[in-house]
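Working through the structure, step by step
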Amino acid sequence: MTQCNQERFEFEAHFSRGVVARFDGGTMTSDGGALLLRQTDQRLNLLPRLTACFEDQRSAWLISHSVRELVSQRVYGLALGYEDLNDHDQLREDPLLAVLSGKRRVGEEALAGKSTLNRLELSTETPSRHKKIHCRQEAIDALWTAVFLEAHSAPPERIVLDLDTTGLRLAGHQEGRFFHAYYDEYCYLPLYIFSGEHLLCARLRTADQDTAAGSKEEVERIVGQIRQAWPEVEVILRADSGFCRDELMKWSEEQGVGYVFGFARNDRLRRLIAPQMEEAARLQKESGKPARVFSEFDYQTTTGSWNRARRVVAKAEQLEGKENPRYVVTNPGAEQWPARKL
């Protein structure tokens with residue numbers, strides 16, 4: 001068989017220098033795959049646009065590292081698994097990271113150290129004497145949605161926005177640390193919003209608040225930007241029971257946005273699906289396999305936490321030896337989304 005092993009790869013040039021990948025140079029770096037990230041970034045023009053979200057009020061003749069270099073160095077470092085800023089005391093001499101960061105004189109000038117990068121990360125909305133680089137958070141937020149929009153050659157008929165949180169473990173006594181009972185550890189509780197593989201929001205939050213805290217404002221911002229580009233697109237929110245809050249559902253109903261949220265189990269819901277659970281138990285006993293029976297009904301909370309009755313779809317599921325009822329609350333109608341399909 002013909003052996004077709006390519007020994008040389010040409011990448012995008014770095015100013016006047018060529019960038020070449022070969023396999024005859026010995027062990028030079030373990031991060032050679034980052035050149036593919038560089039090609040992707042140049043195609044998306046992502047890091048230059050992210051850099052534009054920062055304002056630099058430093059005196060140009062006094063600086064050694066541009067904002068573009070600082071942002072690129074930190075982002076590529078994170079992408080390569082170097083989360084700790086202390087790593088950059090060694091990485092600042094890495095020629096590959098210098099290429100990735102856009103340093104013009106590779107090998108002649110070191111990259112930024114941990115203290116300089118730390119000042120960038122601690123930049124705020126307004127500059128100060130010691131922090132003259134500051135970020136425009138609203139511009140960064142808008143950038144993620146813009147990248148999502150650009151990824152489509154034509155407007156889709158429907159998009160689903162997935163809302164979720166996860167516990168971000170804290171190893172020490174960081175500011176705002178809080179013990180979260182669900183995750184059984186001290187953590188932060190960041191909010192994420194995705195559409196498929198596209199990240200539209202990542203908001204760091206402390207864990208001493210409701211799971212859905214701030215989600216309406218984030219969804220309102222994202223949906224507003226999407227509808228400016230795609231006025232006719234159908235938008236559906238999807239999340240677990242932590243986001244089943246009247247504020248978010250009421251806003252969605254007013255704005256013509258669909259939602260499908262998990263609904264936590266309770267005794268009242270279980271009584272409403274008693275006939276379906278009996279049917280599921282009978283089917284499971286006959287077949288020996290898990291059985292499901294679906295139903296739906298209008299439901300109003302007795303505590304007044306909802307401003308109106310809403311459609312709840314129930315899955316009465318009987319497993320071997322135990323029952324497993326599940327519920328979702330939704331505003332798409334039964335004609336469009338029958339119970340089983342939903």
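In this report, we go over the structure that sits alongside the text. (Residues numbered from 1 in each chain as written. Predicted model: local features only at pLDDT ≥ 70, side-chain atom pairs only at ≥ 80, totals over all residues. Heavy atoms only, no water.)

Here's the deal with the layout of surface pockets
Keep this limit in mind: Points on a 1 Å grid over protein atoms alone make up a cavity when a 1.4 Å probe fits among them but cannot get out, and a pocket when they form an open set with protein on both sides within 12 Å along at least five of seven lines; lining residues each have an atom within 4 Å of a point. Grid points are joined across faces, edges and corners, and a volume is the space filled by probe spheres set on the points. Working definition: helices are DSSP H or I runs of at least four residues, strands are E runs of at least two. Numbering for both runs from the N terminus. Under the scheme applied here, ten amino acids are nonpolar (Ala, Val, Leu, Ile, Met, Phe, Trp, Tyr, Cys and Pro), four are charged (Asp, Glu, Lys and Arg), and all others, including Gly, are polar.
In this structure, the largest pocket encloses a volume near 2200 Å³. Lining the largest pocket are 44 residues, and of these Val75, Leu78, Glu121, Trp144 and Ala202 sit closest to its centre. Elements with a contribution of two residues or more to the lining of the largest pocket: α1 (34-44), α2 (46-51), α3 (67-79), α6 (114-121), α7 (137-150), β6 (168-169) and β10 (198-203). For the lining of the largest pocket, a count of residues per class yields 29 nonpolar, six polar and nine charged.

What about helix α11 (residues 274-287)?
The periodicity of an α-helix, 3.6 residues per turn, causes residues three or four places apart in sequence to face the same way. We apply this condition: Expected span of a helix, by definition, is 1.5 Å for each gap between consecutive residues, and there is one gap fewer than residues. Note on classification: 1.4 Å probe, protein chains only; a residue is buried when its accessible area is under 20% of the maximum for its type, exposed when over 50%, partly exposed between these limits. By arc we mean the arc of the directions from the helix axis to the C-beta atoms, nothing more. In what follows, residue pairs with any heavy atoms lying within 4.5 Å of each other are defined as contacts.
Taking 1.5 Å as the rise per residue, α11 with 14 residues should run 20 Å; its terminal C-alpha atoms sit 20 Å apart, in good agreement. Regarding α11, the residues found buried are Met277, Ala280 and Gln284. For α11, the angular spread of buried residues about the axis comes to 60 degrees, placing them on one side. Facing away from the buried side of α11 by more than 90 degrees, the exposed set consists of Pro275, Glu278, Lys285 and Glu286. Elements that come into contact with the buried residues of α11 comprise α10 (267-272), β13 (291-299), β14 (310-319) and β15 (322-323).

Side note on the sheet that holds strand β8 (residues 185-188)
Our working definition: In this analysis, strands are considered paired if DSSP registers two or more bridges between them.
Spatial strand order, β6-β8-β7: three strands in an open sheet with antiparallel pairing. The two strands at the open ends of the sheet, each matched to only one other strand, are β6 and β7 (178-180). Note that β7 and β8 share three bridges and pair antiparallel. For histidine 180, the partnering residue across the bridge sits in β8 and is glutamate 185.

Quick word on the side chain of threonine 301
Keep this limit in mind: In protein, a polar contact means a hydrogen-donor-capable atom and an acceptor-capable atom, both N or O and within 3.5 Å, with residues adjacent in sequence counting only if both atoms are side-chain atoms; elsewhere, any N or O pair within 3.5 Å suffices.
Assignment of secondary structure puts threonine 301 in the loop between β13 and β14. One polar contact links the side chain of threonine 301 to the main-chain amide nitrogen of tryptophan 306, over a distance of 3.2 Å. Filtering out sequence-adjacent residues up to four positions away, threonine 301 remains in contact with Arg268 and Trp306.

Quick word on the pairing of strand β16 (residues 326-330)
One face of the sheet, then the other: side chains in a regular strand alternate in exactly this way. When strand β12 (residues 258-262) meets β16, the two strands line up antiparallel, connected through three bridges. Bridge assignment links phenylalanine 261 to a residue of β16, and that residue is valine 329. Examined bridge by bridge, β14 and β16 share five bridges and lie antiparallel to one another. When the bridges of β16 are listed, lysine 315 appears paired with arginine 326.

Observations regarding α1
Among all positions of α1, only Ala34, Leu35, Arg38 and Asp41 are buried. Projected onto a plane normal to the axis of α1, the buried residues spread over an arc of 115 degrees and lie on a single side. Of the exposed residues in α1, those oriented more than 90 degrees away from the buried face are Leu36 and Arg43. Where α1 is buried, its residues touch β1 (8-14), β2 (17-22), α2, α3 and α5 (95-101).

Notes on the pattern of salt bridges
Heads up, the rule is: By salt bridge we mean one thing: a side-chain nitrogen of Lys or Arg within 4 Å of a carboxyl oxygen of Asp or Glu.
Using the criterion set out here, one finds 25 salt bridges in the structure. The closest approach of N and O atoms between glutamate 55 and arginine 136, which form a salt bridge, is 3.6 Å. Of this pair, glutamate 55 sits in strand β3 (residues 54-56) while arginine 136 sits in the loop between β4 (133-135) and α7, and the two are 81 residues apart along the sequence. Residue glutamate 55 is classed as partly exposed on the basis of its relative accessible area of 33%. Across the pair lysine 315 and glutamate 317 runs a salt bridge, and its minimum N-O distance is 3.7 Å.

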